[in-house]
Amino acid sequence: MLMMTRVEILLVFCMCVMVVQLMPMVVKGKTGNTTVSRSPSSSSSRMPSVVNVGALFTVNSVIGRSVKPAVAAAVDDVNNSPTVLRGVTLNLIQHDTNCSGFLGTIEALQLMENDVVAAIGPQSSGIAHVISHVVNELQVPLLSFGATDPTLSSLQYPYFIRTTQNDYHQMSAITDLVLHFDWKEIIAIFVDDDYGRNGISALGDALANKRARISYKASFTPGASLANVTELLTKVNLMECRVYVVHVNPDTGLNIFHVAKKLGMLTSGYVWVTTDWLPAVLDSSELPDDDTMDLIQGVVSLRQHTTNSVIKKEFIKKWKSKQGNERIQTSSFNSYALYAYDSVWVLAHALDKFLKAGERITFSYDPNIRRTNSTDIQLSSLRVFNEGNKLLEMIRDTRFVGLTGEVKFDEDKNLVHPAYDVINIGGTGVRTVGYWSNHSGLSVDSPESLYGKRMNRSSADQRLYSIIWPGETSDKPRGWVFPNNGKPLRVAVPYRHSYKEVVTKDKSTQGVRGYCIDVFEAAVSLLPYPVPRKYILYGDGRMNPSYNSLVNAVAENKYDAAVGDVTITTNRTRIVDFTQPYMESGLVVVVAVKAAKPTPWAFLKPFTIQMWLVTGGFFLFVGSVVWILEHRLNHEFRGPPSQQVMTIFWFSFSTMFFSHRENTVSTLGRMVLILWLFVVLIINSSYTASLTSILTVQQLTSRIEGIDSLTSSNEPIGVQDGTFAYNYLVRDLQIAESRIRPLRGEEEYANALRLGPKGGGVAAIVDELPYVELFMRYTKCEFRIVGQEFTKSGWGFAFQRDSPLAVDLSTAILQLSENGELQRIHDKWLAAPSCSTQATDVEESSSLSLSNFWGLFLICGVACFISLSIFFGRMLCQYRQFTPDEEEPHEVLEPDSQTRRGRPSRLISFRDFMDFYDKKDAEVKEARRNRREARKEFGEHSGSP
């Protein structure tokens, strides 16, 4: 990841075009293509003794100083390996790209003159873009350990193999890290080259997928001076966001923190997150100097994750032993050195498989290049690696375990299992606070321990250890502040024509007043930070402003917020963020009412027809039951049939007033009468209460009974101008626009309702309940609400999307609600008199129905049924014991006695049974006593001699 000046970048692309024009692809089988072996013995079937391998990196750089000895060690280990490339020596040819795209291209062309079968490097994404065109033409695989630009994975570069992690995954890790702390905006600070631009572009895409964003892209040119960096960070420091993601080159990245330290941007409240360039700097030295560590206190960074394996430990041991014997320019190694080491082994394994498969290494001249004039870079000496495509396939299929862990490529030629360490710089060292992998996201467990488990990217399972942020605090920074650019929060306030209690213009220094303003000011006072704000009136006060236009103005960044009676609707939430509702609201229907005309049949209204019929039927039923139970015992329930019928009717209905004069003597009759009198008491009380209400409370009537009857009619409807009610009626309820009459406020409401539809007014008003309550207070309950609220919504404060103020103010509004302050503000501005509540509750008195009393009737009916069952059961037993043939047992010789014996004496006749029932109970008892005495006398006579 090197820096290039603008002139060098231009030269690089010019050179690339020249190379493409002078070096067309070799067409196999075309006349003139000569196959030349790389050595005199290449025509034979045995393996070559030496294979040239190239290496491209900037030697004098943070990455280059670690990579150079790592690559040399890897080549040495391969050449000494008893299992890989036995009898074949890798000849390493190194070229220095010198931090320049132009010079890097020249070095790459010179490297290709040596007939290399592959090249390790480069470390710069910008240089990799250019060199990839060269290797495509010459069919030489390019294994890069440091080019992390996501766009290098495209099909445009078939011979480019990335042996390190792709920045696409690194930006996904940063996105998960940012969202883990609930930040929705970041500022990206990056170097303006292929590496920086494409990496930040991937970050922007990843954030957008999670409903977050880059609020500002702060870029600087490669090799920018400290003055340029200072100017850039000064501008950034004036902005609202305090979460910075730094994606720069490791050689100049610390300049960012030098300047940030001077500007006071490494104190409490700031968040600094870097990509893997910072660990590359720190890991290059075993003990970073104190000045460097002091610059980056509290910084969070990502480091390419490598497994802590045995072969890695052996490599570290070998590395340290070389420090004393050889002049190594770095005291430690970074992850790029490990990936460079594994890159050599990737090539070694692929070459071993390639040669064991019987493949040869041959090169051929391109006649088009040979016909070009001689140049200093000797283009005519460049040759195409004929078997490069086969070696490329074997590289892609290579799989082994290296210093970095499992080495295996996916279909996009990227390493599988991308993972990063999340590190936190504090004190004099670096602390690992977690890991990230595309398998499980953020976790405190190492990625290797999770690969065998089920993939889990749930946000609830994302974990990190505690982080020490800048300013030596463990409290999570808010991530934003009000900008230090002298611009207060632009708050739009609707300047209404009506309902000025809600919000309106004021002559005070604040400029506005009302219920909404008091709620907003009270919520802001609970925030733990100051909020400089400026209220800006929206509208002219002669007409109510359009609230949809107000919300759109906030979404278009004309205002930062809208404070007022802004209803939260679905369409509005798609373009702005709302706070927690501070006022519940819903649409209701208001109509003009008139007093109902008195009716002479008002006394029948307390009960429904069904209730009247059932009640009358039960009076007769209970009277009949009592008559049945009392007839044999009570002389007051006996007499001629006509008299008994009148007795039933009289007794039944006299119980309504508890004026019955007949006494009940039977136990069952008394039980039934007691229950019935209780039922009558309840019915009388209910009837009296309902009739009293009907006769004393003024009855108000209207043809409109609610939203259903209103929509089914064709009469005009009034709505408040500027509110969402118009669109709701037209779009959601499909009411014709010709029926809708926009009205400005209380006076126009009252006049339109008084005129009515026939007089040019409206049949009803549809508006939100808070406005209607104020309207009812204004008209002193002249009108009424019919039906129920048919929508449920609320008022909230609108902010631009992803504004952190919306979340903090929502919490403040909940606190106001819990401590009662919200209700106090409501009572101050919107408290309605008692008549308003009464008017809204007055409805046409409904008659009492059977459903109100069926339980009482059921109890009474069951009691009657049980009493009748007991009574007839006892009487049946008496009847079976008392039959006519047993009344005179001594007249056994009478003629008709034979006739009686001709039928069973125990057979029950309904007529006889009714005759028996009609007898008095005393007569039956007397007859049974006489029968027993007669039997006794008859027995005595029949027993005498």
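Residues numbered from 1 in each chain as written. Predicted model: local features only at pLDDT ≥ 70, side-chain atom pairs only at ≥ 80, totals over all residues. Heavy atoms only, no water.

## A few points about the side chain of E185
1) Next: Residue placement: E185 occurs in strand β7 (residues 185-191).
2) Next: For E185, the side chain forms a polar contact with the side chain of R213, separated by 2.7 Å.
3) Next: With residues near it in sequence (within four places) discarded, E185 still touches R213, S215, C241, V243 and D802. (Helix = DSSP H or I, 4+ residues; strand = E, 2+ residues; numbered from the N terminus. Polar contact = N/O pair within 3.5 Å; in protein donor to acceptor, adjacent residues only side chain to side chain. Contact = heavy atoms within 4.5 Å.)

## Points about the layout of surface pockets
1) Next: Each pocket or cavity is described by its volume, and for the largest pocket that value is around 670 Å³.
2) Next: Contributing to the lining of the largest pocket are 24 residues, with E240, P483, N557, D560 and Q800 lying nearest its centre.
3) Next: Secondary structure elements with two or more residues in the lining of the largest pocket: β8 (213-220), β19 (489-494), β34 (798-800) and α25 (804-818).
4) Next: Broken down by element, the lining of the largest pocket gets its largest block of residues, three residues, from β8.
5) Next: When the residues that make up the lining of the largest pocket are grouped by side-chain class, the tally is 11 nonpolar, five polar and eight charged. (1 Å grid on protein atoms, 1.4 Å probe; cavity = no way out; pocket = protein on both sides within 12 Å on 5 of 7 lines; lining within 4 Å. Points joined across faces, edges and corners; volume = space filled by probe spheres on them. Nonpolar A, V, L, I, M, F, W, Y, C, P; charged D, E, K, R; others polar.)

## Remarks on the pattern of salt bridges
Close approach of charged atoms lets side chains of opposite charge pair.
1) Next: Overall, the coordinates contain 24 salt bridges when judged by the stated rule.
2) Next: A salt bridge links D283 to R303; the nearest nitrogen and oxygen atoms lie 3.1 Å apart. With D283 in helix α9 (residues 277-283) and R303 in strand β11 (residues 300-304), this residue pair connects regions lying 20 residues apart in the sequence.
3) Next: The partner of K390 in a salt bridge is E359, and the shortest N-O contact between them spans 3.4 Å. Here E359 lies in the loop between α12 (335-356) and β12 (362-365) and K390 lies in helix α14 (residues 388-396), a separation of 31 residues in the sequence.
4) Next: A relative accessible area of 44% places K390 in the partly exposed class.
5) Next: A relative accessible area of 23% places E359 in the partly exposed class.
6) Next: One network of salt bridges, in which partners are shared, links D192, D194 and R197. (Salt bridge = Lys/Arg side-chain N within 4 Å of Asp/Glu carboxyl O. Buried < 20%, exposed > 50% of the residue type's maximum accessible area, 1.4 Å probe, protein only.)

## Observations concerning the packing of α12 against α14
1) Next: For the pair α12 and α14, interaxial distance at closest approach is 9 Å and the crossing angle is 120°. By the angle between their axes, α12 is oblique relative to α14. Judged by the sense of rotation from one axis to the other, the crossing of α12 with α14 is right-handed. On α14, the residues touching V346, L347, A350, L351, K353 and F354 of α12 are K390, L391, M394 and I395.
2) Next: Residue composition of the contact of α12 with α14, by class: eight nonpolar, no polar and two charged. (Axes fitted to C-alpha atoms, helices over the stretch in contact; angles between N-to-C directions. Parallel < 35°, antiparallel > 145°, perpendicular 65-115°, else oblique. Left-handed = near helix turned anticlockwise from the far one by under 90°.)

## Quick notes on the confidence of the model for the protein chain
1) Next: The share of residues in the protein chain with pLDDT of 70 or more is 80%, and the mean pLDDT across the chain is 82.
2) Next: Note that pLDDT drops below 50 for residues 835-845; the model gives that stretch 21 contacts with residues more than four away or on any other chain.
3) Next: Across residues 884-907, confidence stays below pLDDT 50; counting only partners more than four residues off in sequence or on other chains, it has 15 contacts. (pLDDT = per-residue confidence, 0-100.)

## Side note on helix α8 (residues 254-262)
The α-helix winds at 3.6 residues per turn, so residues separated by three or four positions along the chain end up facing the same way.
1) Next: Residues of α8 that are buried include every one of L254, I256, F257, V259 and A260, and no others.
2) Next: Phi turns positive one or two residues past the end of α8, at G264, with a value near 70°.

## Looking at the nonpolar core
1) Next: Ranked by size, the top nonpolar core spans 76 residues in total, and within it L85, V117, L347, L351 and L391 carry the most contacts.
2) Next: In this structure, L351 is in contact with V51, L85, L90, V117 and L391, ignoring residues within four places of it in sequence.
3) Next: Grouped together as the second largest cluster of nonpolar side chains are 68 residues, V524, A561, W795 and F797 included. (Core = buried A, V, L, I, M, F, W, Y, C linked by side-chain atoms within 4.5 Å.)

## With respect to the environment of N166
1) Next: Note on placement: N166 falls in the loop between β6 (160-162) and α5 (167-180).
2) Next: Sequence separation between N166 and P418 is 252 residues; the distance between their C-alpha atoms is 7.9 Å.
3) Next: Leaving out residues up to four positions away in the same chain, N166 has contacts with T148, D149, P150, S153, N414 and Y420.
4) Next: A distance of 3.4 Å separates polar atoms of two side chains, one belonging to N166 and the other to S153.

## Some thoughts on α12
1) Next: Compared with an ideal rise of 1.5 Å per residue, which puts 22 residues at 32 Å, α12 spans 32 Å between its outermost C-alpha atoms and is within 8% of the ideal.
2) Next: Summarising burial for α12: 19 of the 22 residues are buried, a large majority.
3) Next: The opening residue of α12 is N334, an N-cap whose side-chain oxygen sits 3.1 Å from the backbone nitrogen of Y336.
4) Next: Phi turns positive, to about 85°, at G358, one or two residues after α12. (Expected span 1.5 Å × (residues − 1).)

## Section: the packing of aromatic side chains
1) Next: Applying the stated criterion across every chain, the model contains 24 aromatic pairs.
2) Next: Seen in terms of ring centroids, F181 and W469 are 5.1 Å apart; in terms of plane orientation they differ by 85°. Their pairing is edge-to-face. With F181 in the loop between α5 and β7 and W469 in the loop between β18 (441-443) and β19, the pair connects residues that are 288 residues apart, well separated along the chain. Each member of the pair, F181 as well as W469, carries the same accessibility label: buried.
3) Next: In textbook terms, an aromatic cluster arises when at least three aromatic residues are bridged by ring pairs, as seen for Y499, Y749, Y771, F775, F783 and W795.
4) Next: Over the face of the ring belonging to W480 we find R478, whose NZ or CZ atom lies 5.0 Å from the ring centre.
5) Next: The ring centre of Y529 lies 3.9 Å from the NZ or CZ of R478, which sits over that ring. (Phe/Tyr/Trp six-rings, centres within 6.5 Å; stacked < 30°, edge-to-face > 60°. Lys NZ or Arg CZ within 6 Å of the ring centre and 35° of its normal.)

## Re the sheet that holds strand β31 (residues 764-768)
1) Next: One open sheet holds the five strands; their spatial order is β30-β29-β31-β26-β32, and the pairing between them is mixed. The open sheet has two free edges, formed respectively by β30 (740-743) and β32 (783-786), since each of these has just one partner strand. Across the sheet, the axes of successive neighbouring strands diverge by a mean angle of 35°, strand direction being ignored.
2) Next: Bridge analysis of strand β29 (residues 717-720) against β31 gives three bridges, and the strand direction is parallel. (Pairing = 2+ DSSP bridges.)

## A look at the side chain of E746
1) Next: Mapped onto the elements, E746 comes out in helix α23 (residues 746-755).
2) Next: Once residues within four sequence positions are removed from consideration, E746 is found in contact with S498, Y499, F775 and Y778.

## Details of a nonpolar patch on the surface
1) Next: A cluster of nonpolar side chains, W854, L858, V862, F865, I866 and I870, forms an exposed patch at the surface whose accessible area comes to about 620 Å².
2) Next: As for its placement among the helices and strands, V862 is situated in helix α28 (residues 854-881). (Patch = residues over 30% accessible without salt bridge, like charges linked within 9 Å, V, L, I, M, F, W, Y side chains within 5 Å. Areas by Shrake-Rupley, 256 points an atom, 1.4 Å probe, with all protein chains shown as cover.)

## Some remarks on the sheet that holds strand β5 (residues 142-144)
1) Next: What the five strands build is an open sheet, ordered β3-β2-β4-β5-β6; its pairing is parallel. Across the chains shown, the open sheet's two edge strands, defined by having one partner strand only, are β3 (89-96) and β6.
2) Next: Examined bridge by bridge, strand β2 (residues 50-57) and β3 share eight bridges and lie parallel to one another. The partner of L56 across the bridge, within β3, is H95.

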